[in-house]
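Here is how the chains run, residue by residue.
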Amino acid sequence: MTSVSPIPEGFTTLTPYLTCADAASAIEFYVRAFGATELVRIPTEDGRVMHATLKIGNAMLMLTDEMPEWGTLGPNALGGSPVGIHMYTDDVDAAFEKAVAAGCEVIMPLDNTFWGERFSMVQDPYGHKWSLSMCIAEVSEAEMIEASKQVDLNGEGTPDAD
């Protein structure tokens, strides 16, 4: 009897699983915007995407088409999503420009933050929010807590590192 790993090779304990209206076009978009590689696509008999697995950097991402008959709807159908995807990259400026050029809407412009990251947030055409980030400084938890007291929660944008 062969041993099967409970976690598939290449996966970690948590893997985002997105629901998108028109998952096939979402896959093409994620290839353009985030450099995704499509690994698996399982179609339904009516041509929708029942399941797909993509790889972005060293992380896996799964997605499916909306399946209203199963109660599965994407953020655009639901009026938004409280869940975001945080993506670390070696060159956040290039990642941000690529995502925006592909069609992402800028939610938070790229900026250096008090928590030691160069950070931005974009929303893809399917309603999913992506924070794009890279570490630029080591900041202690105590320093972050102190700096967070200066954040204007009623303001706009990302708090500066200054």
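Before reading further, recall that the structure is shown in the block above.
Residues numbered from 1 in each chain as written. Predicted model: local features only at pLDDT ≥ 70, side-chain atom pairs only at ≥ 80, totals over all residues. Heavy atoms only, no water.

A.B. asks: Before we go on, may I ask you to explain the sheet that holds strand β1 (residues 17–20) in this structure?
C.D. replies: Two strands in a sheet stick together by hydrogen bonds in their backbones, pointing the same way (parallel) or opposite ways (antiparallel). Ordered in space as β1-β4-β3-β2, the four strands form an open sheet in which the pairing is mixed. Each of the sheet's edge strands pairs with one partner strand only, and the pair in question is β1 and β2 (37–43). Mean inter-strand twist for the sheet, computed between neighbouring axes without regard to direction, equals 20 degrees. Relative to strand β3 (residues 49–56), β2 runs antiparallel, the two sharing six bridges. Across the sheet, glutamate 38 pairs through a bridge with leucine 54, a residue of β3. (Pairing = 2+ DSSP bridges. Helix = DSSP H or I, 4+ residues; strand = E, 2+ residues; numbered from the N terminus. Axes fitted to C-alpha atoms, helices over the stretch in contact; angles between N-to-C directions.)

A.B. asks: Mind showing me how you'd approach unusual backbone geometry here?
C.D. replies: For residues that are not glycine, phi is negative in most cases, and the peptide bond is trans in most cases. A positive phi angle is found at aspartate 22, which is not glycine, with a value near 65 degrees. For aspartate 22, the position within the fold is in the loop between β1 and α1 (23–34). Classification of aspartate 22 by relative accessible area gives partly exposed; the value is 44%. (Buried < 20%, exposed > 50% of the residue type's maximum accessible area, 1.4 Å probe, protein only.)

A.B. asks: Help me understand the side chain of glutamate 117, please; the structure alone is not making it clear to me.
C.D. replies: With respect to the secondary-structure elements, glutamate 117 resides in strand β7 (residues 117–123). Nearest to the buried, unbridged glutamate 117 among oppositely charged side chains is arginine 118, at 11 Å. Among the polar contacts listed, one links the side chain of glutamate 117 to the side chain of serine 133, at a separation of 2.4 Å. Look past the residues within four positions of glutamate 117 in its chain and what remains in contact with it is His86, Tyr88, Asp111, Asn112, Ser133, Met134, Cys135 and Ile136. (Lys, Arg positive; Asp, Glu negative; His and termini not counted. Salt bridge = Lys/Arg side-chain N within 4 Å of Asp/Glu carboxyl O. Polar contact = N/O pair within 3.5 Å; in protein donor to acceptor, adjacent residues only side chain to side chain. Contact = heavy atoms within 4.5 Å.)

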